[in-house]
Amino acid sequence: YVKSGLVVGLGTGSTAYYAVERVGQLLKDGTLSDIVAIPTSVRTKEQAEELGIPLVTLDTHSKLDVAIDGADEVDPDLNLVKGGGGETSLRSP
């Protein structure tokens, strides 16, 4: 679902970690280009920076094309619950 030219939300946690790694690899090898990403935590921001993933904020890019994250729970209506890990969030002022 992540394609060149998209604004990508990068989630936090064990599942998202591997997806962020893969996005970094695809950028490095040229399979992906011209993407920008918005991290959901300090940890993901640091990971993305180490991988060379270009970062922006919701202040400059308020609409995401796709978001990558895991869920801690899924209810019968397929609503996702996030936040069991207690990671520090990044918020726009």
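No experiment lies behind these values; they were computed from the predicted model shown.

Asker: Looking at this structure, I do not really get the overall build of the chain. What am I missing?
Answerer: The helix and strand tally for the chain stands at two helices and five strands. In sequence order, the chain lays out its α and β elements as β-α-β-α-β-β-β. Per-residue burial for the chain yields a buried fraction of 28% across its 93 residues. Restricting to contacts in the chain with at least 6 residues of sequence separation, those with at least 24 account for 70%. As displayed, the chain has an accessible area near 6200 Å², and 51% of this comes from carbon and sulfur atoms.

Asker: Looking at this model, I keep getting lost on the packing of helix α1 (residues 14-28) against helix α2 (residues 42-51). Mind explaining?
Answerer: Here α1 crosses α2 at 25°, and the two axes come no closer than 9 Å. It follows that α1 is roughly parallel to α2 by the angle criterion. Helix-helix and strand crossings are classified by hand; for α1 and α2 the assignment is right-handed. Counting all contacts with α1, which are made through Tyr-17, Val-20, Glu-21 and Gly-24, the residues of α2 involved are Thr-44, Gln-47 and Leu-51.

Asker: What is the right way to look at unusual backbone geometry in this model?
Answerer: Excluding glycine, residues mostly have negative phi values, and the peptide bonds linking residues are mostly trans. Positive phi outside glycine occurs at Asp-34, with the angle close to 55°. Positionally, Asp-34 belongs in the loop between α1 and β2 (36-39). Of note, the phi angle at Leu-78 is positive, near 65°, even though the residue is not glycine. On the secondary structure map, Leu-78 appears in the loop between β4 (73-74) and β5 (80-81).

Asker: Please explain the pairing of strand β1 (residues 7-10) as it appears in this structure.
Answerer: Across a regular strand the side chains alternate sides, sitting on one face of the sheet and then on the other. Burial along β1 is two-sided: the residues Val-7 and Gly-9 and Val-8 and Leu-10 are all buried. Two elements, β1 and β2, share four bridges in a ladder whose sense is parallel. Its bridge partner being in β2, Val-7 is matched across the sheet by Val-36. Pairing between β1 and strand β3 (residues 66-68): three bridges, direction parallel. By the bridge assignment for β3, Leu-10 is matched with Ile-68.

Asker: How should I be thinking about the environment of Thr-15 in this particular structure?
Answerer: Looking at the secondary structure, you find Thr-15 in helix α1. Judged by its relative accessible area of 55%, Thr-15 falls in the exposed class. When the C-alpha atoms of Thr-15 and Ile-68 are compared, they prove to be 9.0 Å apart, with 53 residues separating the residues in sequence.

Cut-offs applied
- Every chain's residues receive numbers from 1 upward, in the order its sequence appears when written.
- Selection of residues for local features in this predicted model requires a pLDDT of at least 70, selection of side-chain atom pairs for listing and counting requires 80 or more, and totals for whole chains, interfaces and linings are taken over all residues.
- Calculation of side-chain values draws on the structure's entire complement of heavy atoms; hydrogens and water are dropped beforehand.
- Helix numbering and strand numbering both begin at the N terminus, where a helix is a DSSP run of H or I of at least 4 residues and a strand a DSSP run of E of at least 2.
- The buried label goes to any residue with under 20% of its type's maximum accessible area, the exposed label to any with over 50%, and the partly exposed label to all in between, with areas taken from a 1.4 Å probe on protein chains only.
- By the convention used here, residues are in contact when the closest approach between their heavy atoms is within 4.5 Å.
- The protein chains shown are the only cover counted for residues, whose accessible areas, like all others here, come from Shrake-Rupley with a 1.4 Å probe.
- Interaxial angle, 0 to 180 degrees, is taken between N-to-C directions of lines fitted to C-alpha atoms, where a helix line uses only the stretch in contact.
- For classification, angles of less than 35 degrees are called roughly parallel, those exceeding 145 degrees roughly antiparallel, those between 65 and 115 degrees roughly perpendicular, and all remaining angles oblique.
- By convention the crossing between two helices is left-handed if the near helix lies anticlockwise of the far one by an angle smaller than a right angle, and right-handed if it lies clockwise.
- A pair of strands is treated as paired once DSSP finds two or more bridges between them.

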